[in-house]
Amino acid sequence: MEFFLDTANLVEIREAASWGILDGCTTNPSLIAREGRDFVATIAEICEIVRGPVSAEVVATHAAGMVEEGRLLARISEHVVVKVPLDAEGIKATKILSGEGVRCNVTLCFQPAQALLAAKAGAAYVSPFVGRLDDVGIEGMDLVRQILEIYANYPQYTTKVLVASVRHPMHVVEAARLGADVITLPFGVFRRLVQHPLTDKGIQAFTEDWKKVPDTDIVGQVGRWLEAHGR
Ligand code: E4P
């Protein structure tokens, strides 16, 4: 499963990228607004850091405007994926942009029929919003399950399922169990994936116990051993 970061915050993106396992990034108008920085400069910087798919969202509400914005956004960097809303105008725009070779992430997907249309329009990604469905009492992961099931029936569709609106690590586990292609994570969730109190406790115990061995310098000890054995 590919891991994207769901943020426009460059500090968070740099930190996640430094782990070496970040595949891409998603933004949306709300995330861009939160940072209070120039949109285009932000997208260009994210592309430089991530060097993988970076979703930049159109804000036009009619297909012609979405296509115009999408064509321009795609020229910022080869890494830009144009994010388009999953309504009729968005489907029209996705069909045109995809036909021109512009990768589209069709966003705000809340039911499987919408995902079917996104695939037919040639979207590179479809983004089911699991958290926002959970928020209104509908099991968000059921949507992911149904989309994967539908797409599996039609191997000609190459649209990747990008699980979005993620709230906690269990969303990540469930998405991976279902075989989703991509998940996009707020930085807080990304960081929590690695955390477990028993891991911290174990590291602390090993570190303390290591102080009791006669020679604690692994690098020096191994270096001398390798030299002595001609390796
Ligand atoms: C991803 O592409 C979306 O922009 C994002 O996941 C939305 O998340 P939210 O429901 O937490 O705003």
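These numbers were taken from a predicted model, which means no experiment stands behind them.

> Break down the layout of surface pockets for me, with residues and values.
Its boundaries defined by the atoms lining it, the largest pocket holds a volume of some 270 Å³. Around the largest pocket, the lining is made up of 19 residues, and of these Asp6, Asn28, Leu31, Arg132 and Ser165 lie nearest the centre. Looking at the lining of the largest pocket, the elements with two or more residues in it are helix H2 (29–35) and strand S5 (104–109). Per-element tally for the lining of the largest pocket: the top contributor is H2, with 3 residues.

> Please set out the pattern of salt bridges residue by residue, giving values where relevant.
Going through the model one piece at a time under the given rule, you end up with 13 salt bridges. A salt bridge links arginine 224 to aspartate 215; the nearest nitrogen and oxygen atoms lie 2.9 Å apart. Using a relative accessible area of 28% as the deciding quantity, one classes aspartate 215 as partly exposed. Through salt bridges with shared partners, one network takes in Arg14, Arg37 and Glu45.

> Can you break down the packing of aromatic side chains residue by residue, with the values?
For the structure shown, the criterion picks out 6 aromatic pairs. Relative to phenylalanine 190, the ring of tryptophan 19 has its centre 4.6 Å away and its plane inclined at 40°; by these criteria the two rings are tilted. With tryptophan 19 in the loop between helix H1 (10–18) and strand S2 (24–26) and phenylalanine 190 in helix H10 (residues 187–192), this pair connects stretches of sequence that are 171 residues apart. An aromatic cluster of three or more residues is present, and its members are Trp19, Phe187 and Phe190.

> Give a detailed account of the sheet that holds strand S8 (residues 182–185), specifying residues and quantitative values.
With respect to topology, 8 strands assemble into a closed barrel ordered S1-S2-S3-S4-S5-S6-S7-S8, the strand pairing being parallel. Looking at each pair of strands side by side, their axes are set apart by 30° on average, direction ignored. Note that S2 and strand S3 (residues 54–57) share 2 bridges and pair parallel. Paired with threonine 26 across the strands is serine 55, a residue of S3. Sitting on the sheet, helix H5 (residues 88–99) is in contact with strand S4 (80–85) and S5, with an inclination near 155° to S4. Sheet contacts for helix H8 (residues 140–153): S5, strand S6 (125–128) and strand S7 (160–163); angle to S7, the most-contacted strand, approximately 175°.

Rules of the game
- Residues numbered from 1 in each chain as written.
- Predicted model: local features only at pLDDT ≥ 70, side-chain atom pairs only at ≥ 80, totals over all residues.
- Heavy atoms only, no water.
- 1 Å grid on protein atoms, 1.4 Å probe; cavity = no way out; pocket = protein on both sides within 12 Å on 5 of 7 lines; lining within 4 Å.
- Points joined across faces, edges and corners; volume = space filled by probe spheres on them.
- Helix = DSSP H or I, 4+ residues; strand = E, 2+ residues; numbered from the N terminus.
- Salt bridge = Lys/Arg side-chain N within 4 Å of Asp/Glu carboxyl O.
- Buried < 20%, exposed > 50% of the residue type's maximum accessible area, 1.4 Å probe, protein only.
- Phe/Tyr/Trp six-rings, centres within 6.5 Å; stacked < 30°, edge-to-face > 60°.
- Pairing = 2+ DSSP bridges.
- Axes fitted to C-alpha atoms, helices over the stretch in contact; angles between N-to-C directions.
- Contact = heavy atoms within 4.5 Å.

Bear in mind that shape data such as this cannot, by itself, settle questions of function.
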